[in-house]
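Next come the chains, spelled out residue by residue.
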Amino acid sequence: MTPYQPRNFTLTDYRFAGDEALDIPPYLFSEPAVIAIDVALATGRPLLVAGPPGCGKSRLAEAMAALLGWNFLATTMTSHTRLEELTVEVDHLRRLHDAHCAAIPAPLPDPDKPPLPTAALKPDAAYYTPGIFWWTFDRRSASRRNLSPDVAAEYLIGLDFPGRERAQPNGEENTVLLIDEIDKAEPDLPNDLLEPLDRRSVRLPDGKTLSAAVGQELLTVITTNRERELPKAFLRRCVTLVLPEPDADGLTAIAQAHQPLAERARIRAIAERIIEFRAKVDEHGLRPPGTSEFLDAVRTCEKLQISVDGGDLWRQIEGAVLLKPAI
Amino acid sequence: MDRPQPHRKGEIHLGELIEALAELPWQEHAQAQAIAGCLGFGLAAHDLGRSERPTPAIYDRSRPVPLPRREAAAKPRSGFATRPPPRLELPPQALTWQLQPITPPPPPSSTAAAPSWIDGDYQRLDPAPGTPPPPRQTLFPGRTARGVFTAALATLRLGREIDVHGLVGSVVRGHLPRRLPRLPAATLSRGCQLLLDFSDSMLPWWADLRQLGDQLAALLGDERVSVFDFESAPAAASQWQAGREEAMLWQPEAGRPILVATDFGIRGRSHGQRSSVDWQDFVRLCAAQGCPLLILVPWSKAYWPADLGPHPELLHWHPRTSAAMLRRQLARSQPTRR
């Protein structure tokens, strides 16, 4: 069987080696994941990744940003997340404060002291707070809150990029955007995201629209643990990928990529115990241990040189890392 | 100057599948299937709109499938020696019999011959093992359920957005508020308690009750829906949980919405029924805890009891009930609560 070779990125042996300098761990891709990412890049659609907690959904986005050499931006949804927070918000409080200061009459100049700077209300755009979509579509205007370079310099406005920026050829600003745990947001929020995701643009409070540049590449990765059903209209606009829990071979390969010096027999034994636990906890309706918990166990056993022999120490590891009791 | 705005892409369509298949370097049939699947086409497509597991909190009251009437004789397993059946001892002499055959009565001339199944044994037609049940029509269909539940169960909390108009108004009047006024935001984060009436009069809707629990869990998440069931008195609702020996009794949680599905034991009887004391006590208990109370009734409004007071919101549990109707009803009846 010929493995699928993606057209839109280069990947050797379905394996990203990681980047120690940037603290990005290695990532092993499955063929369905490679195909789904290639389709998302080819069609320009968001990639919706579903799977149990700890199976590598968010890591996938980070690994892809490093692999493609693109900027990386990430945001995690909460029940309080609103669309404005992701596009643009107006800092009314600061504006009110500035207006209040500007209304105070300036004190009479003291000839013995240098003149005080007069407080003044800034242009409206100076109170915009750019959200993650604005940064993704047009990072230059976001860093200046959409003021002209001169005006931004006058008011000392220059915001830092809220993610990982990478130098790209020809000044390109291609970006991987991770919208993590969308199922934690209010059920209507995914529908609100349709407009910015579809049009690749954000509308500012003054009515102007900021769009991504023609030719700018974007990979939006949206993750869900499937705690909630997502709206059908949203699902029909996304390329979907379901990441299953890896089997014992897959777990062993992942652990070896993360811990190349770890003892293989120990990794294998822990992987087999994980598979055993999964079956057990499913019977009892508990949450099965995920890949990230498996890696924690491998790391702990390697560091403390604990063998998987059912002894007291191993049982402690089981309880603390793998079979977490219901609290 | 604004950049040209990209056109809206809309939903994934067949053209995109064709483009993807033409552009991407697939070599195996399975890879082409995977490309189609992640775009939502073909049998390999993941249905992320469907929950993988049933909602565990609802006690399954469906009746057990009866055993087949005539059990087939157990076939001897191949490869095993079987013991021959014991021989019956027959009497040495055959007995005489004197029964006469009965002649059947002639059929009535005015009617055709009765079909054979009338005289046949009753036979229940169970689906063949492994046959999936036919799809059911839900009382809140998928296209409206999301909106209806959001409208019904949303509560208000203080949002993060500042109430600029309120603040400006305060400043203009010459006094600064002690707290920064913030706009309320609707939320489903409180989830709901779902009380299901599994009494005999609700028997026609038992499957709908289970489906209601599944729909709510899909929208709000399993952790935000607590499901209880009752038979006559809603305040005595309880919940069975894995690992517990006794049922957990229902208690209202202050401010958390309560959704009840019941028919008040109406059974299609005459209009203007009065509710029982149990229901009135239950409503008082919910009101005292400040819990929004919504009651889904599968009968039309004319059958609903009219003596439950202003606190509960009664909703017609019917496919035509829409979110807009519900919002209008809630705005009319209790404009200040939401």
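For the structure itself, consult the block above.
Since we're looking at a predicted model, the values are computed, not measured. (Residues numbered from 1 in each chain as written. Chains lettered and ligands numbered in written order. Predicted model: local features only at pLDDT ≥ 70, side-chain atom pairs only at ≥ 80, totals over all residues. Heavy atoms only, no water.)

## Looking at the sheet that holds strand β10 (residues 218-224) of chain A
Remark on secondary structure: sheet strands pair via backbone hydrogen bonds, oriented parallel or antiparallel.
Residues and elements named next belong to chain A.
Move 1: What the five strands build is an open sheet, ordered β4-β7-β10-β3-β11; its pairing is parallel. Because the sheet does not close on itself, it has two edges, and the strands there are β4 (71-76) and β11 (239-242). Neighbouring strand axes in the sheet, compared pairwise and without regard to direction, differ in orientation by 20° on average.
Move 2: Taken together, the six bridges between β4 and strand β7 (residues 175-180) define a ladder with parallel strand orientation. Residue leucine 73 lies in a different strand from β7, and its bridge partner there is leucine 177.
Move 3: The sheet contacts of helix α2 (residues 57-68) involve β3 (47-50), β4, β7, β10 and β11, and relative to β7 the element is tilted by about 175°. (Pairing = 2+ DSSP bridges. Helix = DSSP H or I, 4+ residues; strand = E, 2+ residues; numbered from the N terminus. Axes fitted to C-alpha atoms, helices over the stretch in contact; angles between N-to-C directions. Contact = heavy atoms within 4.5 Å.)

## Looking at the layout of surface pockets
Sizing a probe to match a water molecule and rolling it over the atoms shows the empty space that remains.
Residues and elements named next belong to chain A.
Move 1: Here the second largest pocket is characterised by a volume of approximately 880 Å³.
Move 2: As for the second largest pocket, its lining consists of 39 residues, and the residues nearest its centre are Tyr27, Cys55, Gly56, Ile254 and Thr291.
Move 3: Those elements that provide at least two residues to the lining of the second largest pocket are β2 (27-28), α1 (31-43), α2, β11, α11 (248-258) and α13 (291-304).
Move 4: Considering only residue class, the lining of the second largest pocket consists of 20 nonpolar, 10 polar and nine charged. (1 Å grid on protein atoms, 1.4 Å probe; cavity = no way out; pocket = protein on both sides within 12 Å on 5 of 7 lines; lining within 4 Å. Points joined across faces, edges and corners; volume = space filled by probe spheres on them. Nonpolar A, V, L, I, M, F, W, Y, C, P; charged D, E, K, R; others polar.)

## Here we look at a nonpolar patch on the surface
Move 1: A cluster of nonpolar side chains, namely Leu93(A), Leu96(A) and Leu180(B), defines an oily patch on the protein surface of about 220 Å² accessible area.
Move 2: The residue Leu96(A) is located in helix α4 (residues 92-103) in this model.
Move 3: Given a relative accessible area of 32%, Leu96(A) falls into the partly exposed group. (Patch = residues over 30% accessible without salt bridge, like charges linked within 9 Å, V, L, I, M, F, W, Y side chains within 5 Å. Areas by Shrake-Rupley, 256 points an atom, 1.4 Å probe, with all protein chains shown as cover. Salt bridge = Lys/Arg side-chain N within 4 Å of Asp/Glu carboxyl O. Buried < 20%, exposed > 50% of the residue type's maximum accessible area, 1.4 Å probe, protein only.)

## Digging into the pattern of salt bridges
All names here are of chain A.
Move 1: Under the defined criterion, the tally for this structure stands at 28 salt bridges over all chains.
Move 2: Note that arginine 94 is salt-bridged to aspartate 91, the shortest N-O span being 3.2 Å.
Move 3: Judged by its relative accessible area of 27%, arginine 94 is partly exposed.
Move 4: In this structure, arginine 299 and aspartate 296 form a salt bridge, with 3.3 Å as the shortest nitrogen-oxygen distance. With arginine 299 and aspartate 296 both in helix α13, this residue pair falls three residues apart, about one helical turn.
Move 5: The class of arginine 299 is partly exposed, set by a relative accessible area of 37%.
Move 6: Residue aspartate 296 is classed as partly exposed on the basis of its relative accessible area of 33%.

Just geometry here; none of it tells us what the structure is for.
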